[in-house]
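As a plain string of letters, each chain reads:
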Amino acid sequence: MKKSLGYRETPTCRNVFALLAAAWLVAVAWVPRAFAQDGPGLRAGFSASPDQFYFGGHYVTKPIWDRLRFQPNVEAGFGDDRTVVAIGMEFGYWMKVGPDWQAYVSGGPAMNIFGSSGKGGDDVGPGLTVGIGLRRRGGLFFEMKVGAFDSPDFKLAVGYTFE
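Bear in mind that the values here come from a model prediction, so they are computed numbers and not experimental data. (Residues numbered from 1 in each chain as written. Predicted model: local features only at pLDDT ≥ 70, side-chain atom pairs only at ≥ 80, totals over all residues. Heavy atoms only, no water.)

With that settled, consider the side chain of Ser106. With respect to the helices and strands, the residue Ser106 is situated in strand S7 (residues 101–116). Using a relative accessible area of 4% as the deciding quantity, one classes Ser106 as buried. Not counting the four nearest positions on each side in its chain, Ser106 is found in contact with Gln71, Glu90, Phe91, Gly92, Thr129, Val130 and Gly131. (Helix = DSSP H or I, 4+ residues; strand = E, 2+ residues; numbered from the N terminus. Buried < 20%, exposed > 50% of the residue type's maximum accessible area, 1.4 Å probe, protein only. Contact = heavy atoms within 4.5 Å.)

Next up, the structure:
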């Protein structure tokens, strides 16, 4: 915290985000070799409640048990007079549905950081997401999620996982 003329500044959303992003990167780097990452990727889409456009990144690990994969992600949403940064620790169960397609069911906890230019200021809240996705061989995927607690109510995304 910074002290200036007797006024103590509270941590901002950016400080909290930087700390959480660093912790997320350390957690991803700490994954044992047996759980080597299958690939990083990028995603973009829109959410409802709050109504936002968002983009972000993710990692998809090799299966950690049977067809269960760890899929951590970070997304930043803009619009509806606020900024939301969501850090998700999701797991996905993958199923082959065709020669070139895989489907997955995912879910997990999230940390949501809210920034507002209006009243209310910055806030941090817990979340939970559950979703389904469809991925084509080569990395292109489509995903739909619903959220609870402080997570957006609905998200629809398209993305690409690099292999």
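Here the narrative resumes.
We now examine a nonpolar patch on the surface. On the surface, Leu42, Val97, Leu134, Leu140, Phe142, Val158, Tyr160 and Phe162 cluster together into a nonpolar patch covering about 690 Å² of accessible area. Mapped by element, the contributors of at least two residues to the nonpolar patch are strand S9 (140–149) and strand S10 (154–161). With respect to the secondary-structure elements, Val158 resides in strand S10. Judged by relative accessible area, which is 39%, Val158 ranks as partly exposed. (Patch = residues over 30% accessible without salt bridge, like charges linked within 9 Å, V, L, I, M, F, W, Y side chains within 5 Å. Areas by Shrake-Rupley, 256 points an atom, 1.4 Å probe, with all protein chains shown as cover. Salt bridge = Lys/Arg side-chain N within 4 Å of Asp/Glu carboxyl O.)

Moving on, we get to the nonpolar core. Judged by nonpolar contacts, Val74, Ala76, Val85, Ile87 and Ile113 together constitute the single largest core of five residues. When residues of this core are traced back to their parent elements, those giving at least two are strand S5 (68–79) and strand S6 (82–96). Discounting residues that sit within four places of it in the chain, Ala76 has contacts with Phe53, Tyr54, Phe55, Val84 and Val85. (Core = buried A, V, L, I, M, F, W, Y, C linked by side-chain atoms within 4.5 Å.)

Applying the stated rule across the entire model yields nine salt bridges. Its salt-bridge partner being Asp100, residue Arg137 comes within 3.2 Å of it at the nearest N-O pair. Of this pair, Arg137 sits in the loop between strand S8 (123–136) and S9 while Asp100 sits in the loop between S6 and S7; the two residues are 37 residues apart in sequence, bridging distant segments of the chain. Across the pair Lys145 and Glu143 runs a salt bridge, and its minimum N-O distance is 3.8 Å. The class for Glu143 is buried, based on a relative accessible area of 3%. One network of salt bridges, with partners in common, ties together Arg43, Glu75, Glu90, Glu143, Lys145 and Lys155.

What follows concerns the pairing of S10. Here is the key point about a regular strand: its side chains alternate between the two faces of the sheet. Of the two faces of S10, the one lined by Lys155, Ala157, Gly159 and Thr161 is fully buried and the one lined by Phe154, Leu156, Val158 and Tyr160 carries no buried residue. One ladder, built from seven bridges, connects S9 with S10; its direction is antiparallel. Its bridge partner lying in S10, Leu140 is registered against Tyr160. Linking S9 to S10, which pair antiparallel, is a turn of four residues. (Pairing = 2+ DSSP bridges.)

This part covers the packing of aromatic side chains. We describe a pair of aromatic rings using the distance from one ring centre to the other and the angle between the two ring planes. Considering all chains together, one arrives at four aromatic pairs under this definition. Aromatic side chains Phe55 and Phe78 sit 5.9 Å apart centroid to centroid with 20° between the ring planes, which places their arrangement in the stacked category. Of the two residues, Phe55 sits in strand S4 (residues 52–61) while Phe78 sits in strand S5, which places them 23 residues apart along the sequence. Note on Phe55: relative accessible area 43%, which makes it partly exposed. Ring plane angle 65° and centroid distance 5.1 Å describe the contact between Tyr160 and Phe162, whose orientation is recorded as edge-to-face. Above the face of the Trp94 ring, Arg69 is positioned so that its terminal group lies 5.1 Å from the ring centre. Note that Lys155 overlies the ring of Tyr54, its terminal NZ or CZ placed 4.7 Å from the centroid. (Phe/Tyr/Trp six-rings, centres within 6.5 Å; stacked < 30°, edge-to-face > 60°. Lys NZ or Arg CZ within 6 Å of the ring centre and 35° of its normal.)

Pairing of S5 with S6, which is carried by 12 bridges, proceeds in the antiparallel orientation. If you follow Asn73 over to S6, its bridge partner there is Gly88. Of the pairings in the sheet, the one linking S6 to S7 comprises 13 bridges and is antiparallel in character. Residue pairing across strands places Lys96 opposite Gln102, the latter belonging to S7.

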